[in-house]
Amino acid sequence: MKKSLIVYYSLSGLTKKVVDVLKNFTDADIYEIELEKPYTKLTAYTIGLVHCKTDYEPAIKNEIDLSNYDKIFIGGPAWYFTYAPPIHSFIKKYNLGDKVIYPFGTATSNFGNYFERFSKECKAKEIKNPLEVFKSTFKNGLEDAVKSWLDKEYN
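Reading guide: rules and limits
Residue positions are counted from 1 within each chain, in the order its sequence is given. Predicted model: local features are reported for residues with pLDDT of at least 70 only, side-chain atom pairs are reported and counted for 80 or more only, and whole-chain, interface and lining totals are derived from all residues. Excluded from the side-chain calculation are hydrogens and water; included are all heavy atoms of the structure. Our working definition of a disulfide is a cysteine sulfur pair at a distance within 2.5 Å. Here, axes are lines fitted to C-alpha atoms. For helices the fit covers the stretch in contact, and angles between N-to-C directions go from 0 to 180 degrees. Under the DSSP-based scheme used, a helix requires at least four consecutive residues in state H or I and a strand at least two consecutive residues in state E, with every element numbered from the N terminus. Here the word oblique covers every angle except those under 35 degrees (roughly parallel), over 145 (roughly antiparallel) and from 65 to 115 (roughly perpendicular). In this scheme the crossing of two helices becomes right-handed for a clockwise turn of the near helix relative to the far one and left-handed for an anticlockwise turn of less than a right angle. Any two residues whose heavy atoms approach within 4.5 Å at even a single point are treated as in contact. Classes in brief: Ala, Val, Leu, Ile, Met, Phe, Trp, Tyr, Cys and Pro nonpolar; Asp, Glu, Lys and Arg charged; the others, Gly included, polar. Classification of ring pairs rests on two measures: the distance between centres of Phe, Tyr or Trp rings, Trp counted by its six-membered ring, which must be within 6.5 Å, and the angle between planes, read as stacked under 30 degrees, edge-to-face over 60 and tilted in between. Burial classes follow relative accessibility: with a 1.4 Å probe on protein chains only, a residue under 20% of its type's maximum area counts as buried, one over 50% as exposed, and anything between as partly exposed.

**Student:** In this structure, what is going on with the state of the cysteines? I would like to understand it.
**Tutor:** By definition, a disulfide links two cysteine residues through a covalent bond between their sulfur atoms. Across all of its chains, the model carries zero disulfides by this definition. Here Cys52 stays unpaired: no disulfide links it, and the sulfur of Cys122, its closest cysteine neighbor, is 17 Å away.

**Student:** Any chance you could explain the packing of helix α4 (residues 85–93) against helix α5 (residues 114–121) here in plain terms?
**Tutor:** The angle between the axes and the distance between the axes are what describe a pair of packed helices. It is at 10 Å that the axes of α4 and α5 come closest, and there the two elements cross at 20°. When the axes of α4 and α5 are compared, the pair comes out roughly parallel. Taken as a pair, α4 and α5 cross one another with a handedness that is right-handed. Every residue of α5 that contacts α4 at Ile87, His88, Ile91 and Lys92 is listed here: Arg117, Phe118 and Glu121. Its residues placed into classes, the contact of α4 with α5 shows three nonpolar, one polar and three charged.

**Student:** Can you walk me through the packing of aromatic side chains in this structure?
**Tutor:** Remark: the centre distance and the inter-plane angle together describe each pair of aromatic rings, the angle taken between the planes. Inspection of the entire model under this criterion finds 15 aromatic pairs. Ring centres of Tyr9 and Trp79 lie 6.1 Å apart, and the angle between their planes is 80°; on these two criteria the pair is classed as edge-to-face. Here Tyr9 is found in the loop between β1 (3–8) and α1 (14–26), whereas its partner Trp79 is found in strand β3 (residues 69–79), with 70 residues between them in sequence. Overall, Tyr9 belongs to the buried group, its relative accessible area being 6%. These aromatic residues form a ring-pair network of at least three members: Tyr83, Phe111, Tyr114, Phe115, Phe118 and Phe134.

Here it is as structure tokens:
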């Protein structure tokens, strides 16, 4: 029997909070993307900008076998109006051609082309409508936002 998986990258911990709520509603397995050379908050604002603009793929430290999963949630923070480079590395490294993907992201104020680029770069069987979680949602309404999205998209 196929299972669901939540794949995520979180530098500040906000995306991890979304993952915790998703886990409660879906009972999916969890895989955190870890990098060979992790970003710090400082390098995210400096080197991370260059990596976002050049489509750099930082090396992923931990491997995962995706064969037992047919539905995969993939999410991370918005950096410079797109997804963070670790998300780029994951969607380029793994064959997602037979998977249904549920993208989600966290942002302070603006996702820019995060999900448009994600849909273009991620080669999957199907990509569902994204869950956009703004910083303001964490103060009140995170569980409701996640549940509402799952009710519409997760089947």
